[in-house]
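Below, each chain spelled out in residue letters.
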Amino acid sequence: MNSKEQFAFEKVFLELPEQLKQIPNLGEVASYIPELSHVNPEKFGIHLITADKQNFAYGDSNEKFSIQSIAKVLSLTLAFKLEEEKLWERIGVEPSGNAFNSLFRLEQEKGIPRNPFINAGALLICDVLVSRLNQPKEEFLDFVRELVGNPKINYCERIALSEKEHGYRNASMVNFMKSYNNINNDVEEVLDFYFHLCSLEMSCAELAQAVTYLSSDGMNLLTQKEVISPSKTKRINAIMQLCGFYDEAGEFAFEVGLPGKSGVGGGIIAIHPLKYTVAVWSPKLNEKGNSYRGMKILEFFTTQTASSVF
Ligand code: GLU
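Residues numbered from 1 in each chain as written. Predicted model: local features only at pLDDT ≥ 70, side-chain atom pairs only at ≥ 80, totals over all residues. Heavy atoms only, no water.

Turning our attention to the environment of D247. Among the structural elements, D247 can be located in the loop between helix 10 (230–243) and helix 11 (249–255). With a relative accessible area of 35%, D247 lands in the partly exposed category. Along the primary structure D247 and F100 are separated by 147 residues, whereas in three dimensions their C-alpha atoms are 7.4 Å apart. (Helix = DSSP H or I, 4+ residues; strand = E, 2+ residues; numbered from the N terminus. Buried < 20%, exposed > 50% of the residue type's maximum accessible area, 1.4 Å probe, protein only.)

This part covers the nonpolar core. Counting residues in each nonpolar core, the largest one holds 65 residues, and the members touching the most others are F140, V144 and L200. The greatest single-element share of this core, amounting to 9 residues, is contributed by helix 4 (residues 119–132). Contacts of L200, omitting those with residues within four sequence positions, involve F65, S66, I67, Q68, A71, F140, L141, V144, I153, N154 and Y155. Counting residues in each nonpolar core, the second largest holds 25 residues, with F252, I268, V278 and Y292 among its members. (Core = buried A, V, L, I, M, F, W, Y, C linked by side-chain atoms within 4.5 Å. Contact = heavy atoms within 4.5 Å.)

This brings us to the side chain of S61. Within the secondary structure layout, S61 lies in the loop between strand 3 (55–59) and strand 4 (65–66). If we skip the residues at most four places from it in the chain, S61 touches G45, I46, H47, S203, C204 and A205.

Looking now at the sheet that holds strand 7 (residues 267–272). Overall, antiparallel pairing links the 5 strands, which are arranged 3-2-8-7-6 in an open sheet. Two strands in the sheet have a free side with no partner beyond their single neighbour: strand 3 and strand 6 (260–262). Averaged over all pairs of adjacent strands, the angle between their axes in this sheet comes to 5 degrees, without regard to strand direction. Pairing of strand 2 (residues 45–50) with strand 8 (residues 276–281), which is carried by 6 bridges, proceeds in the antiparallel orientation. Bridge assignment links I46 to a residue of strand 8, and that residue is V280. (Pairing = 2+ DSSP bridges. Axes fitted to C-alpha atoms, helices over the stretch in contact; angles between N-to-C directions.)

Our next topic: the pairing of strand 8. The element strand 8 is extensively covered by neighbouring structure, given that 6 of its 6 residues are classed as buried. Side-chain alternation along strand 8 places Y276, V278 and V280 on one buried face and T277, A279 and W281 on a second face that is also buried. Strand direction decides the pairing type here: strand 7 and strand 8, joined by 6 bridges, are antiparallel. By the bridge assignment, A270 is partnered in strand 8 with V278.

Right, let's talk about the site of the ligand for a bit. Surveying the vicinity of the ligand reveals 13 residues, the closest of which are Y32, S69, E163, Y194 and Y246. One nitrogen or oxygen atom from the side chain of N119 is found 2.9 Å from an oxygen atom belonging to the ligand. Within the side chain of E163, one N or O atom sits 2.5 Å away from a nitrogen atom of the ligand. Summarising the interface, the protein chains cover 97% of the accessible area of the ligand, which totals 290 Å² for the free molecule. Looking at the shell around the ligand, its residues break down into 7 nonpolar, 5 polar and 1 charged. (Near = heavy atom within 4 Å. Polar contact = N/O pair within 3.5 Å; in protein donor to acceptor, adjacent residues only side chain to side chain. Areas by Shrake-Rupley, 256 points an atom, 1.4 Å probe, with all protein chains shown as cover. Nonpolar A, V, L, I, M, F, W, Y, C, P; charged D, E, K, R; others polar.)

A positive phi angle, close to 60 degrees, is found at Q224, a residue other than glycine. Of note, A306 is a non-glycine position whose phi angle comes to about 50 degrees, a positive value. Note on placement: A306 falls in the segment after helix 12 (292–304).

So, on to the packing of helix 4 against helix 7 (residues 168–179). Remark: helix 4 packs on helix 7, axes separated minimally by 10 Å, with the N-to-C direction vectors making an angle of 65 degrees. The way helix 4 lies across helix 7 gives a crossing that is right-handed. Contacts from N119, A120, L123 and L124 of helix 4 reach helix 7 at N170, M173, V174 and M177. Among the residues forming the contact of helix 4 with helix 7, the class breakdown is 6 nonpolar, 2 polar and no charged. (Left-handed = near helix turned anticlockwise from the far one by under 90°.)

Per the stated rule, a full pass over the model turns up 1 cavity of 30 Å³ or more. Size it by volume and the largest cavity reaches roughly 80 Å³. Taken together, S96, N98, A99, S102, R105, L106, I112, P113, R114, I118 and A120 make up the full set of residues lining the largest cavity. For the lining of the largest cavity, the class distribution of residues is 6 nonpolar, 3 polar and 2 charged. (1 Å grid on protein atoms, 1.4 Å probe; cavity = no way out; pocket = protein on both sides within 12 Å on 5 of 7 lines; lining within 4 Å. Points joined across faces, edges and corners; volume = space filled by probe spheres on them.)

Tallying each qualifying case throughout the model produces 14 aromatic pairs. When the centroid spacing of 5.2 Å and the interplanar angle of 75 degrees are considered together, the rings of F80 and W88 count as edge-to-face. With a centroid separation of 5.9 Å and an interplanar angle of 85 degrees, the aromatic rings of F140 and F193 are classed as edge-to-face. One end of the pair, F140, is in helix 5 (residues 136–148); the other, F193, is in helix 8 (residues 187–198), and 53 residues separate them in sequence. Summarising the burial analysis for this pair, F140 and F193 share the class buried. Members of the aromatic cluster, joined through ring pairs, are F9, F13, F56, Y276 and F301. Sitting over the face of the ring of F80, K232 holds its NZ or CZ atom 5.2 Å from the ring centroid. (Phe/Tyr/Trp six-rings, centres within 6.5 Å; stacked < 30°, edge-to-face > 60°. Lys NZ or Arg CZ within 6 Å of the ring centre and 35° of its normal.)

None of the figures reported here should be taken as evidence of function without further support.
This is how it looks when you write it as structure tokens:
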């Protein structure tokens, strides 16, 4: 990045504390998975890594939280890598316009999920990985640990169990897809894998590092190894742009202007291809299920630095 950009980024990070004071901490912490409601709603962290490996951080950026649906980007990456183009015979790439846990379109479209980021699509991706991996939970964890460069990244069994105990809709989606022969494995095994990947705990610093391949044509900035090809990277970023924010992908493109993915733990990752990855965390969610302050701060950031993709 050039010195003008560097100056702009430094300036915005210095202004963050003042800016945060002006953004009321609106919204609610997710409570439909009871274990998620125990988080401190005042937490806030952000970490940004540029393609030339500069780091900018503020707040609780090293504190771990439940990454929830952000894990769907990582599972899609591994499934796409293993399955290649065959993947798209069983799943679409269109925005849904419905809630993330809606069954409505699944029935209309005969068990083919609209995209890999709504729950039905992420569950199908889990089915792909259960077929492809000998020990899905362990091997997926190894994949994530290598992306981050931290062998201690782990699932949270407490959260996985809480999801299982309240996962009636997810169970109904897998069963429904199975009735259309679009799930090949045992329903319980697919669900168990899905609940675990949603329960992954990572900090903003770890998340921003994990997805550096998405801002670097598929190459992990830490290991300098190719995670996926440049063409697959482009496609995953495209799906994030169109489908990464539940029923609010348009609003995120409009306000922030970056491909990204959110989770109901209050985390958001966003990517500027060939420029940077950023992860932000603030647990209170707006009514669409996206982090309220997370979105506002990313909007502030891309506006002040003039660095959206549009
Ligand atoms: N594990 C959550 C669920 O399936 C994921 C929610 C999310 O972050 O979108 O309900």
